[in-house]
Amino acid sequence: MATMDEQEQRRRRLTAWRGARRVLARVGADGTLGERLAALAADAPSVHDPDDWTDVYGGGVVADLERRTAHLLGMEAAAFFPTGTMAQQVALRCWAGRTGNATVALHPLSHPEVHEGGALGVVSGLRTVRPTAEPRLPDAEEIREFPEPFGTLMLELPLRDAGFVLPSWEELTAVVDAARERDAVVHFDGARLWECGPHFGRALSEIAGLADSVYVSFYKSLDGLSGAVLAGPSTLVEEARVWRHRYGGQLFQQFPAALSALIGLERELPRLPSYVAHAKVVAGALAEGFAAAGVPWFRVHPEPPHTHQFQVWLPYGTEVLDEASVRQAEETGVALFRRWFAGSGGAGLPPGVSFTEVTVGGAGLEWSAGDVRDAVAGFVGVVRGLS
């Protein structure tokens, strides 16, 4: 539970970010209850008939979302889940039963390994193995030469904790082929799959079509309230619905989350390619700004970004960088960075380096390269004043 001091710090950060006239991305989660409710009520009629009955244990708007997502991903069927953690546990458990092998090959920086408290083993009885520890997804050779069998290969696209990194299309297809040569199925952790199209130069359905199943999130890139979908063959999805109930995910009503997801598909999904393109401009200008400001060491990773999100590494403590970020927003109305984190960002950070994740959204399209460089100069000035 957060302490009062931590709650005060969070309120201060949110007030500074919301009050800033210039930000690289605005997210709905920063809004008040009233603002979120009002926005949902105003936007919902554009994506679903408001005179339709509400959902009860699925159906209605939830079924509409499932059908639309399955179509976008080129899959036979899809099931809505309250969380991606649950969706992926169910998917991997189902595949383990079908393949007869409860071993899942994945990256040590993948979401189940880092952010789920060991749930794959503790809750689902699965065992994980790691074909590579490099800050990238495994390659075909590593899959072919891995010394023990596995039933499922899980690939996180993009690999968030390594810096939102993606392989090339050729590398991705090769690693999928290598898994199939070993009679393994392939599952995509596609929490952020929506923005991968520009990097691969492929449609969503073609990317998802490489896998046997895929999970996608609605509250990250699409700014929904919550929720996820597991998509794949209809027989797998029907089995997943049974396990969803067993895992406690058969919620009585889910229409607010489903409506916000449909709004995200309608409004944010078409805009993501423009965000990805502009993220390259922002990342390049950040690097130029830090160099011009004489920062002794920094890194923008990866450069250029593979999606509309990337990392920035700086050789300062998190407390200094967090305070500088908030002060810049409070004093100048420019919010360049949000939270900073210590230790490894998943891509080999050296000791004493902090990192942040940068997201370029609709608000960021207003920034020119010069705007970014000016903001970096101001930020570095605040950091030096605090150091």
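Residues numbered from 1 in each chain as written. Predicted model: local features only at pLDDT ≥ 70, side-chain atom pairs only at ≥ 80, totals over all residues. Heavy atoms only, no water.

Colleague: Would you mind going over the packing of aromatic side chains in detail, with residue names and values included?
Modeller: This structure, assessed with the given rule, holds 13 aromatic pairs. Summarising the aromatic geometry, the rings of Trp243 and Tyr247 are spaced 6.2 Å apart at their centres and angled 70° between planes, so their arrangement reads as edge-to-face. Among the aromatic residues, ring-to-ring pairing joins Phe290, Phe298, Phe337, Trp340 and Phe379 into one connected group. Note that Arg22 overlies the ring of Trp367, its terminal NZ or CZ placed 5.1 Å from the centroid. (Phe/Tyr/Trp six-rings, centres within 6.5 Å; stacked < 30°, edge-to-face > 60°. Lys NZ or Arg CZ within 6 Å of the ring centre and 35° of its normal.)

Colleague: How would you summarise the pattern of salt bridges if you had to cite specific residues and measurements?
Modeller: Enumeration over the complete set of coordinates arrives at 24 salt bridges. For Glu330, the salt bridge goes to Arg12, with nearest N and O atoms at 2.8 Å. Residue Glu330 is located in helix α14 (residues 318–332), and its partner Arg12 is located in helix α1 (residues 4–19); the two are separated by 318 residues in the primary sequence. On the basis of relative accessibility, which here comes to 41%, the residue Glu330 falls in the partly exposed class. The salt bridge involving Arg98 is made with Glu239; its shortest N-O contact spans 2.8 Å. Of this pair, Arg98 sits in helix α4 (residues 84–99) while Glu239 is found in helix α11 (residues 234–246), placing the two residues 141 residues apart along the sequence. Among the ionic contacts, a cluster of salt bridges with common partners joins Arg12, Glu323, Arg327 and Glu330. (Salt bridge = Lys/Arg side-chain N within 4 Å of Asp/Glu carboxyl O. Helix = DSSP H or I, 4+ residues; strand = E, 2+ residues; numbered from the N terminus. Buried < 20%, exposed > 50% of the residue type's maximum accessible area, 1.4 Å probe, protein only.)

Colleague: Describe the environment of Ile143, with residues and values.
Modeller: Inspection of the secondary structure puts Ile143 in helix α7 (residues 140–144). Considering only alpha carbons, one finds Ile143 and Glu181, 38 residues apart in sequence, at a separation of 9.6 Å. In this structure, Ile143 is in contact with Pro131, Pro138, Phe150, Leu153, Val175, Ala178, Ala179 and Arg182, ignoring residues within four places of it in sequence. (Contact = heavy atoms within 4.5 Å.)

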